[in-house]
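# Structure at a glance
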Amino acid sequence: MADFLINTVGLPEWLAWTTTAVVAAVLILNVIAGGALVFIWAERKIAARIQDRLGPTRTGGRFGWLQSLADGIKLLTKEDLMPEGADGMLFRLAPYISFCASFCAFISLPFAFDFVGQRLNVGVFFVVAVLGLEVFGVILAGYASASKWSLFGAMREAAQVVSYEVPLGMCVVVPVMLAGSMDLVTIAEKQAGWVSSWYLFHDPFTFVIFWVYVTCAVASVNRAPFDLAEAESELVAGFHTEYSGLRWSFFFMAEYGSMFLVSALAALLFLGGWNGPIPVAHLLGLSEGTGDTAGYFVRLLGCGNLIVKASLGVLIMMWIRWSLPRLRIDQVMATCLKYCTPIAAAMFAGAMFWQLALPGGLVRGLSRPAGEVREGWLEGPGGLSVRPTKAVSTPAVPVTLVDDPGSQTEAKSIVQVAP
Amino acid sequence: MMPATLPMTLLMTLPVAAINWHTSLFLLFAVVACACAVAVVLADNVVRMAFYLVLSLGATAGLFFLAGAEFLGAMQLMIYVGGTLVLLVFGVMLTAQSPFVAIKTSTGDRVLAGMVGAALLAVLLQSAFRVEAWQLPAVGAVTAPTATPLGMALLGVRVDAPAAGAPATAVRSGYLLPFEIVSVHLLVVLVGAAYLARAKRRRTPRAIDVAASSSSASSASSSSSSSSSSSSSSSGGVAATAREASSSSALVPGGRR
């Protein structure tokens, strides 16, 4: 987009970059805020239906679809309270820290090929790392509130999140190993094709580890049955007991943003990313790698695919929340340490040996002589084999090979990217 | 798109100078990192110190991202900001005896710390200004900044370009052995931590032991209290949360008055 602004529109470079950044940031912000509006309404309706109620029915018409907006207006007009003994600065900052962490993780989350705020080659790692920062806002909120309920909630949250990062990381590593890359775009590209090429169905081990990932993801975003940090029956409201109004709603936006984020991550890692179960675009002969209108249309389709998958994940989380009772803290820890971590470790080893027995990209890459292995040793999507010795630029295979030692002039020209 | 002439003329009349984003972002991150580092020293509340440290380390991660070292930046976020500091704050909250503990540093300590810090700063500044020119990557090196060469080198395969002047056929070793040694070290530490934190078995005392311990009342009371506190827990995480009732009720009796 920046290139388009510079070359076609003719904006100066600094303004083009600014515009690009602002557009990406606003889009991400709208995904979080708009998603929160929709999901809060959906959660009310789903909870009501599961409990044999109707839920909101009047606000805005037949299905109460304006309920979240009414909630938002109510929250805006609420008085902003702070407890007398609270640590003012940290109390005020904590909601924004939570929200910022949730927002930052979206930066490197691709919604379709090329639809990504900033494509990082360590995208998975970045998302998981930034997602782990969200707990910091919760801890600070609990500490700064000067309330024992808040502090209990914060400490439970800290213990839980630090523990669950271990199996979560182990689950995330398996698709990384299968794809041979930590780039989320590459990982999703590898799963192009029919539904059978999704990593969920790659081998039995990935099928099992997907469910471990689901468990850990629910726990890491602090949702029921793992929502001990805000256990209403014991801790009033946990870490946000003392919060009201807009600050409180920031915590909620962060929570719904994180739910969407881990669901989108599950979709990208295990459920084919933006590739639908049936490769419609491929059958029609369209390709998303091209820059023309058809390619753009395919990418929009993929974006819709991913959003549908991620929203389904969020709905499943709601279903879980209203079906299962809350666990005790020792049960939460036992689930993590005694079940999730060993199962994830065993499945990781199993997937590794599966990959060894049926040689995929990684093994072929390792058996190559030193100096010839490079970024392009991966198999292209759809079973197309990319020969790493020459730079392939087929539109259907957007694997870029930039590091060819043979063409030093080309390498030189790529070095100079930083201004 | 829209005709380019009208917006362009408008833009030219704007009194805004062109912003070099790289430089300004660098300055922003650097200022935040340095200011928060100073704030860590000047603050007197432990949790606020930890918070400033988070900001400082996060800004450092931003510097890494700005330099294109994405793996290093994500690593910084994951290990320091996400892991270590959460544990630090967690530990502070568990061990604090009163709400919002303020740490007062004595003047002698301040002078001593200032001298040590000034000496370190002098060494760092000197070495920073001695760098003649910032080195560009070697020609033919892996140009796209990816973590792949690092990961492959840890597996014993070097895929980055050899140093300039080195013969192309020279055997270059990876880092498989150091990697394995570090891994085994970490495993030993993990096993040790699990051993230290595990629950102690409660034994029914024999009559002869009771008789022996009754002679020294102090040792008996200490051993019984430690066994009762850790007997209900089965792991480190549970031990920590089992203790939350005792410590946090002492920590927040109703806020600062």
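Bear in mind that the values here come from a model prediction, so they are computed numbers and not experimental data.

So, about the overall build of chain A. The helix and strand inventory of chain A stands at 16 helices and zero strands. Counting all 419 residues of chain A, 52% fall into the buried class. Sequence separation of 24 or more characterises 72% of the internal contacts of chain A that already satisfy a separation of 6 or more. Accessible surface, chain A as shown: approximately 18100 Å² in total, 68% of it carbon and sulfur.

Tallying secondary structure elements over chain B gives 11 helices and zero strands in all. Taken from the N to the C terminus, the helices and strands of chain B come in the order α-α-α-α-α-α-α-α-α-α-α. Within chain B, the fraction of its 257 residues that count as buried is 24%. Here the analysis covers contacts within chain B between residues at least 6 apart in sequence; of these, 51% occur between residues at least 24 apart. Here chain B has roughly 17100 Å² of accessible surface; of this, 70% comes from carbon and sulfur atoms.

Residues and elements named next belong to chain A. Within this structure, the stated rule accounts for four salt bridges over all chains. Salt-bridge contacts for Arg321 lead to Glu43; the nearest nitrogen and oxygen are separated by 3.2 Å. With Arg321 in helix H13 (residues 293-321) and Glu43 in helix H2 (residues 13-50), this pair connects stretches of sequence that are 278 residues apart. Arg119 is the partner of Asp183 in a salt bridge, and the nearest nitrogen-oxygen pair spans 2.8 Å. Of this pair, Asp183 sits in the loop between helix H7 (148-179) and helix H8 (184-190) while Arg119 sits in the loop between helix H4 (88-107) and helix H5 (123-131), placing them 64 residues apart in sequence. When its relative accessible area of 7% is taken as the criterion, Asp183 is described as buried.

Here we take up the packing of H2 of chain A against H4 of chain A. All names here are of chain A. For the pair H2 and H4, the least separation of the axes is 10 Å and the interaxial angle reads 120 degrees. Relative to H4, H2 is oriented oblique. Between H2 and H4 the crossing geometry is right-handed. Residues Ala25, Ile28, Leu29, Val31 and Ile32 of H2 lie in contact with H4, whose contacting residues are Phe99, Ser102, Phe103, Phe106 and Ile107. When its residues are assigned to classes, the contact of H2 with H4 shows nine nonpolar, one polar and no charged.

This next bit is on the nonpolar core. If you look at the biggest cluster of nonpolar residues, it comprises 120 residues, and the most contacted ones within it are Leu109 and Tyr213 of chain A. Look past the residues within four positions of Tyr213 of chain A in its chain and what remains in contact with it is Leu168, Cys171, Val172, Val262, Leu265, Ala266 and Phe270 of chain A.

Take the packing of H2 of chain A against helix H3 (residues 67-77) of chain A next. All names here are of chain A. Close contact between H2 and H3 brings their axes to 8 Å; oriented N to C, the two are set at 110 degrees. Taken together, H2 and H3 sit at an angle that is classed as roughly perpendicular. Judged by the sense of rotation from one axis to the other, the crossing of H2 with H3 is right-handed. From H2, Leu37, Ile40, Trp41 and Arg44 reach across to H3, where they touch Gln67, Ser68, Leu69 and Asp71.

Taken over all residues, the pLDDT of chain B has a mean of 69, while the share at 70 or more is 55%. Note that pLDDT drops below 50 for residues 217-257 of chain B; the model gives that stretch 45 contacts with residues more than four away or on any other chain.

Residues and elements named next belong to chain A. One pass over the full model with this rule turns up 17 aromatic pairs over all chains. When the ring of Phe106 is compared with that of Phe260, the centres are 6.2 Å apart and the planes differ by 20 degrees; the resulting orientation is stacked. Separated by 154 residues along the polypeptide, Phe106 in helix H4 and Phe260 in helix H11 (residues 245-269) bring together distant segments of the chain. Both residues of the pair, Phe106 and Phe260, belong to the buried class. Between Phe207 and Trp211, the aromatic rings sit 6.3 Å apart at their centres with planes inclined by 75 degrees, giving edge-to-face as the arrangement.

Below, the discussion takes up unusual backbone geometry. Residue and element names in this part refer to chain A. Although it is not a glycine, Asp52 adopts a positive phi angle of roughly 65 degrees. Relative to the helices and strands, Asp52 resides in the loop between H2 and H3. Residue Asp52 is classed as exposed on the basis of its relative accessible area of 73%.

Residue and element names in this part refer to chain A. Going through the model one piece at a time under the given rule, you end up with four cavities of 30 Å³ or more. The calculated volume of the largest cavity comes to roughly 200 Å³. Together, 19 residues line the largest cavity, and Glu134, Val135, Glu157, Ser220 and Val221 are the ones closest to its centre. Looking at which element gives the most residues to the lining of the largest cavity, the answer is H7, with four residues. Considering only residue class, the lining of the largest cavity consists of 10 nonpolar, four polar and five charged.

With that settled, consider the layout of surface pockets. Residues and elements named next belong to chain A. The computed volume of the second largest pocket comes to approximately 850 Å³. What lines the second largest pocket is a set of 38 residues, among which Ile40, Asp71, Leu75, Trp248 and Phe252 lie closest to the centre. At the level of elements, H2, H3 and H11 are the ones that each hand at least two residues to the lining of the second largest pocket. Counting residues per element, the lining of the second largest pocket draws most heavily on H11, at nine residues.

Residues and elements named next belong to chain B. With respect to the secondary-structure elements, Thr105 resides in the loop between helix H4 (70-95) and helix H5 (107-130). The exposure class assigned to Thr105 is partly exposed, which follows from its relative accessible area of 41%. Between the C-alpha atoms of Thr105 and Val116, which are 11 residues apart in sequence, the distance is 15 Å.

Definitions and limits used
- Residues numbered from 1 in each chain as written.
- Chains lettered and ligands numbered in written order.
- Predicted model: local features only at pLDDT ≥ 70, side-chain atom pairs only at ≥ 80, totals over all residues.
- Heavy atoms only, no water.
- Helix = DSSP H or I, 4+ residues; strand = E, 2+ residues; numbered from the N terminus.
- Buried < 20%, exposed > 50% of the residue type's maximum accessible area, 1.4 Å probe, protein only.
- Contact = heavy atoms within 4.5 Å.
- Areas by Shrake-Rupley, 256 points an atom, 1.4 Å probe, with all protein chains shown as cover.
- Salt bridge = Lys/Arg side-chain N within 4 Å of Asp/Glu carboxyl O.
- Axes fitted to C-alpha atoms, helices over the stretch in contact; angles between N-to-C directions.
- Parallel < 35°, antiparallel > 145°, perpendicular 65-115°, else oblique.
- Left-handed = near helix turned anticlockwise from the far one by under 90°.
- Nonpolar A, V, L, I, M, F, W, Y, C, P; charged D, E, K, R; others polar.
- Core = buried A, V, L, I, M, F, W, Y, C linked by side-chain atoms within 4.5 Å.
- pLDDT = per-residue confidence, 0-100.
- Phe/Tyr/Trp six-rings, centres within 6.5 Å; stacked < 30°, edge-to-face > 60°.
- 1 Å grid on protein atoms, 1.4 Å probe; cavity = no way out; pocket = protein on both sides within 12 Å on 5 of 7 lines; lining within 4 Å.
- Points joined across faces, edges and corners; volume = space filled by probe spheres on them.

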